[in-house]
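So the chains spell out like this:
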Amino acid sequence: MADAAVPGATSPGGGPSFPVPTMPAPPVGVVGLGQLGGSLAAALVAAGREVSGWDVDPAAREAAAARGVRITQEFTGVVVLAVPLPAMTTALEGLAIDPAATVTDLGSVKVPVVGSLGAAFGGRFVGGHPMCGTERSGHEATDPALFAGARWALCLEPGTELPRWLRVAEVALAVGAEVVPVTAAEHDDAVAAISHVPHLLAAALAAAAADAGPLALALAAGSFRDGTRVIGSDPAFVTAMVEGNAGPTAAALARVRAELERPWPELVGAGHAVARRPGGRRTVRVPLDRSALLALGRAGGAVHRRLAAFVEGWVPDTP
């Protein structure tokens, strides 16, 4: 992707006026103060952003308040839903949300969430998913450094209002993440391969090792530990994730089964080649345009900086 020309922030025909970095950053409200939500709120406080939050768990509210989060049930600015997938559509019930607020989420599946919350909030909903969770959960797992260097997928659907997308992107950038522009369908296909299937494979490896007997488990070391780490996640979370993305996950799992049918030397060589790919990057500047931003994401790149009339990012520097 070559460097793109940079248009003005406002088109001559009276197009959308985009927020620029010199404008006051809106407050951020986080609903759900477990590992992801609590970590985001704490990281934003550390970055100097105005942050409020709410959780149905009094202990989570108390822990967040101790980190500088204002506990309230009234939200404006950018409102972040950091709740389990089954609770996504009901999490805002009983809360006062400014009708002008931008709403986003941190869910690991996007098509159903964008479908339901997009219907409720229209173009002011921006689906999101930071790729940085661990097998731990709850407010005790809060880590303000959790997002540093992480990829944060942000959905750009045909109806997404780009100024609101940029405001959510600024939240991700403020906590050290890099933003990957995607559509909901592209996201779900991609994470099925690199997140959802690995959870199933971890479960299969653990169960198969247990079937092999106590000796196998006693000898288990680094490769087994690395291959099964994520199965320590909450089973209800994993089940909701894979069932919520059943179609893409089944397709990705079928590709894994096909790979396992290859001759073993061929399979090992193919996997080794992927792991040893060059890791260079090339800096690019991309205009504030949906097609250009999505092209960046599809090329395997990400946004790491927001400037006035464009974003700066990178794409893989492949030979």
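Every value quoted in this text rests on a predicted model; they were computed, and no experiment measured them.

Peer 1: Is there a simple way to explain the pairing of strand β2 (residues 51-54) in this structure?
Peer 2: If a strand is regular, its side chains alternate between the two faces of the sheet. A two-sided burial pattern is seen for β2, the buried positions comprising Val-51 and Gly-53 on one face and Ser-52 and Trp-54 on the other. Note that strand β1 (residues 28-31) and β2 share 4 bridges and pair parallel. Counterpart to Val-31 in the pairing with β2 is Trp-54. In this region the chain leaves β1, passes through helix α1 (residues 35-46) and returns to the parallel neighbour β2; the handedness of that crossover is right-handed. When β2 meets strand β3 (residues 70-71), the two strands line up parallel, connected through 2 bridges. Note on β3: the bridge partner recorded for Ser-52 is Arg-70. Taking the sense of rotation as the criterion, the β-α-β connection linking β2, helix α2 (residues 58-66) and β3 turns out right-handed.

Peer 1: Which parts of the structure should I look at to understand the side chain of Glu-312?
Peer 2: Within the fold, Glu-312 resides in strand β14 (residues 310-316). Ignoring any residue separated from it by four or fewer positions in sequence, one finds Glu-312 in contact with Thr-283, Val-284, Arg-285, Val-303, His-304 and Arg-305.

Peer 1: Even after reading the chapter, I still don't get the pattern of salt bridges, so can you show me in this structure?
Peer 2: Between side chains of opposite charge, a pair can form as their charged atoms come close. Going through the model one piece at a time under the given rule, you end up with 12 salt bridges. Across the pair Arg-262 and Glu-259 runs a salt bridge whose closest N-O atoms are separated by 2.6 Å. The class for Arg-262 is partly exposed, based on a relative accessible area of 25%. The residue Arg-285 makes a salt bridge to Glu-312 at a minimum N-O spacing of 3.5 Å. Of this pair, Arg-285 sits in strand β12 (residues 281-287) while Glu-312 sits in strand β14, placing them 27 residues apart in sequence. For Arg-285, a relative accessible area of 38% puts it in the partly exposed group. Overall, the relative accessible area of 13% leaves Glu-312 in the buried class. Via salt bridges that share partners, Arg-151, Glu-178 and Arg-281 belong to a single interconnected network.

Peer 1: Is there a simple way to think about the sheet that holds strand β7 (residues 102-105) in this case?
Peer 2: Backbone hydrogen bonds hold the strands of a sheet together, and the pairing may be parallel or antiparallel. Read across the open sheet, the 6 strands follow the order β3-β2-β1-β5-β7-β8; overall the sheet is parallel. In the strand order of this sheet, the two ends are held by β3 and β8 (125-126), each with one partner. Set on the sheet, α1 makes contact with β1, β2 and β5 (78-81); between it and β1 the angle comes to about 160°.

Conventions and cut-offs
Residues numbered from 1 in each chain as written. Predicted model: local features only at pLDDT ≥ 70, side-chain atom pairs only at ≥ 80, totals over all residues. Heavy atoms only, no water. Buried < 20%, exposed > 50% of the residue type's maximum accessible area, 1.4 Å probe, protein only. Helix = DSSP H or I, 4+ residues; strand = E, 2+ residues; numbered from the N terminus. Pairing = 2+ DSSP bridges. Right-handed = clockwise from strand over helix to strand, strands pointing away. Contact = heavy atoms within 4.5 Å. Salt bridge = Lys/Arg side-chain N within 4 Å of Asp/Glu carboxyl O. Axes fitted to C-alpha atoms, helices over the stretch in contact; angles between N-to-C directions.

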